[in-house]
Amino acid sequence: MEKKKKQQQNQNHESKSIHDILPLELIHRILSRLPLKHLGRLKCVSKLWNTLISDPDFVKSHVHLSAAPTHVCLFINDYSKACSVDIDAVFHRNKRATAVKEVSLPFKMSTHYDFEVMCSCRGLVLLHRAPHFFVVWNPLTGSSKRVSYSHIVSRCNRKCFMFPLSAILYGFGYDASQDDYLVVVVSQDKNGQEHFDCLSLRTNSWINLDFALSKPLGRNSWVSRGFFLNGAIHWSYSYRTLCVRNYSILVLDLKERSFSTISMPEQVLGYLCPARLALLGGCLALYSYGNNGDKTKIWVMKEYKVHSSWTFYQISRGPFVPLCSSNESDIVALYDVCLKFKLNFTKYNARGELLQQECFDYPHLEDFKDRYHRLSNYGTSYTVYTESLVPVPSEIKDKARDKKKKNGHQNQKNDVIQGKRTRREGLNNRDT
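Since the structure is predicted, the reported quantities are computational estimates derived from the model, not experimental observations.

Draft legend 1. Spotlight on helix 5 (residues 47-54). Within helix 5, burial applies to Trp 49, Leu 52 and Ile 53. Around the axis of helix 5, the buried residues are gathered within 90° of arc, so they sit on the same side. Of the exposed residues in helix 5, the ones pointing more than 90 degrees away from its buried face are Lys 47 and Thr 51.

Draft legend 2. Broad picture of unusual backbone geometry. Looking along the chain, the bond that leaves Ala 130 and enters Pro 131 is cis, with omega of 0°. As for its position among the elements, Pro 131 is in the loop between strand 5 (124-129) and strand 6 (133-137). Positioned with a positive phi, Arg 122 is a non-glycine residue whose angle comes to about 55°. Tracing the sequence through the fold places Arg 122 in the loop between strand 4 (115-121) and strand 5. Unlike most non-glycine residues, Asn 230 shows phi in positive territory, near 50°. Along the chain, Asn 230 turns up in the loop between strand 12 (227-229) and strand 13 (232-236).

Draft legend 3. The sheet that holds strand 21 (residues 330-335), seen in detail. An order of 20-21-22-23 is seen for the 4 strands of this open sheet, with the pairing classed as antiparallel. Across the chains shown, the open sheet's two edge strands, defined by having one partner strand only, are strand 20 (320-326) and strand 23 (354-360). Within this sheet the neighbouring strands show an average axis-to-axis angle of 20°, counted without direction. In this structure, strand 20 lies alongside strand 21, joined through 6 bridges in antiparallel fashion. Bridging across to strand 21, Pro 322 finds its partner in Ala 333.

Draft legend 4. Here's a closer look at the packing of aromatic side chains. Per the counting criterion, the structure on display carries 15 aromatic pairs. Summarising the aromatic geometry, the rings of Phe 320 and Tyr 348 are spaced 6.0 Å apart at their centres and angled 70° between planes, so their arrangement reads as edge-to-face. Of this pair, Phe 320 sits in strand 20 while Tyr 348 sits in strand 22 (residues 343-348), placing them 28 residues apart in sequence. A relative accessible area of 2% means that Tyr 348 is categorised as buried. Among the aromatic residues, those joined into a ring-pair cluster are Phe 134, Tyr 149, Phe 163, Tyr 170 and Trp 206. Here the guanidinium or amino end of Arg 122 rests over the ring plane of Tyr 174, the centre of that ring lying 4.0 Å away. Just above the ring of Phe 133 sits the side chain of Arg 146; from NZ or CZ to the centre is 4.8 Å.

Draft legend 5. Broad picture of the pattern of salt bridges. Using the criterion set out here, one finds 3 salt bridges in the structure. For Arg 351, the salt bridge goes to Glu 353, with nearest N and O atoms at 3.2 Å. Look at Glu 353 and you get partly exposed, because its relative accessible area is 39%.

Draft legend 6. Quick look at the confidence of the model for the chain. For the chain, per-residue confidence averages 77 on the pLDDT scale, and 72% of positions sit at 70 or higher. Within the chain, strand 12 carries the highest mean pLDDT (96), whereas helix 9 (residues 393-431) carries the lowest (46).

Draft legend 7. Spatial organisation of the nonpolar core. Formed by 45 residues in total, the largest nonpolar core has its most connected members in Leu 126, Phe 163, Leu 169, Phe 172, Tyr 181, Phe 196 and Leu 217. Once residues within four sequence positions are removed from consideration, Phe 163 is found in contact with Glu 116, Met 118, His 128, Phe 134, Tyr 149, Tyr 170 and Val 185. Formed by 34 residues, the second largest nonpolar core is a distinct cluster that contains Cys 83, Leu 280, Ile 331 and Leu 343.

Draft legend 8. Broad picture of the side chain of Thr 346. Inspection of the secondary structure puts Thr 346 in strand 22. You can call Thr 346 buried: its relative accessible area is 0%.

Draft legend 9. Spatial organisation of the side chain of His 195. Within the secondary structure, His 195 is located in strand 10 (residues 194-200). Since its relative accessible area comes to 13%, His 195 is described here as buried. Within the structure, the side chain of His 195 is placed 2.9 Å from the side chain of Asp 189, a separation counted as a polar contact. Of note is the side chain of His 195, whose polar atom sits 3.1 Å from the side chain of Asp 210. Those residues in contact with His 195 that lie beyond four places of it in its chain are Arg 155, Val 185, Val 186, Ser 187, Asp 189, Asp 210 and Leu 213.

Thresholds, definitions, all that
Residues numbered from 1 in each chain as written. Predicted model: local features only at pLDDT ≥ 70, side-chain atom pairs only at ≥ 80, totals over all residues. Heavy atoms only, no water. Buried < 20%, exposed > 50% of the residue type's maximum accessible area, 1.4 Å probe, protein only. Helix = DSSP H or I, 4+ residues; strand = E, 2+ residues; numbered from the N terminus. Arc of directions from axis to C-beta. Pairing = 2+ DSSP bridges. Axes fitted to C-alpha atoms, helices over the stretch in contact; angles between N-to-C directions. Phe/Tyr/Trp six-rings, centres within 6.5 Å; stacked < 30°, edge-to-face > 60°. Lys NZ or Arg CZ within 6 Å of the ring centre and 35° of its normal. Salt bridge = Lys/Arg side-chain N within 4 Å of Asp/Glu carboxyl O. pLDDT = per-residue confidence, 0-100. Core = buried A, V, L, I, M, F, W, Y, C linked by side-chain atoms within 4.5 Å. Contact = heavy atoms within 4.5 Å. Polar contact = N/O pair within 3.5 Å; in protein donor to acceptor, adjacent residues only side chain to side chain.

Following this line, the structure appears as structure tokens:
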């Protein structure tokens, strides 16, 4: 009797699904901490899991909670050929073969010199597409949106306007208070007047923010490309001057729509080369090649806006561009000089000691750079982004519209059925 009872209990246990054993909230918390590469397969487990993983709220939580984000470097050359490099796979022997992949760009034209990488935010990449378009693109999901900025061009000298060179500042960020992705551009019109334009992807409209420019920013004073972190976009000063106050980082708070500055570490003042911005392990960072260019010096702000938290690192070779951090303390960098058509990735520890070095001889690399020249100076643009399931805002609108349309069709169908039923009842009453 007891044996039969045990067998029955086992059968009942086997017939139960995971949803009967674990509450949905716990399943949500577990999935939100898994690496992104596993979620695609897990969507096939059940309709419920597919719905859960595709939910916008789940996507938001996964961006913040995922334990192992995937860092990818996207390269685009002068001929609009693109490739992506999985930085995490570069240093794994079993994954190196698939680390570099060709990428198909959205809204691609047949002519050359179409695309350039601008920057990235939460898994979305901002591209520039000729002649006067921005493209917001999620390389993982393939969703994209194209927006014209022709109104900015019309204010300027059309013959001389060339983005991003003609922009004083540009950046791409996320305003959590409005759940909105913003593209910001500061430019000069043909009379030398500065203008501040902001594209809201949620409303699909351009907003004039000239009021935020309390004083002229100055052309060529800042490196035009901005980096998004902690609800703000950051720019570094581009030229060395004798004035100490210029050694600062310009900060745009996307919620308040206001500018402020962050002081650079005192050691930067002694270098002839300007310190450039980077993001390492969710922290603001600066790097410089020093006066001789044979070493790469890096400062990381461990606590945001806390000046005393600037921490110094040094790589014994240069010029290296820090791309991201690995294992919370190691620094992954890209050698910015092209040697024999190879991409040279290196990993250093916090003491500046070389841990690994990997070179990639990719079949199409000859299209990406010239021999013995710097990537950034010879037509190849690139950016590092963290893969995510974040949808392009237009995709959210389209889904909402489709749902509304579907509900509308369903309501119309119900109205027709109800109308037929009413007419039939009326005929029956008349017959009786």
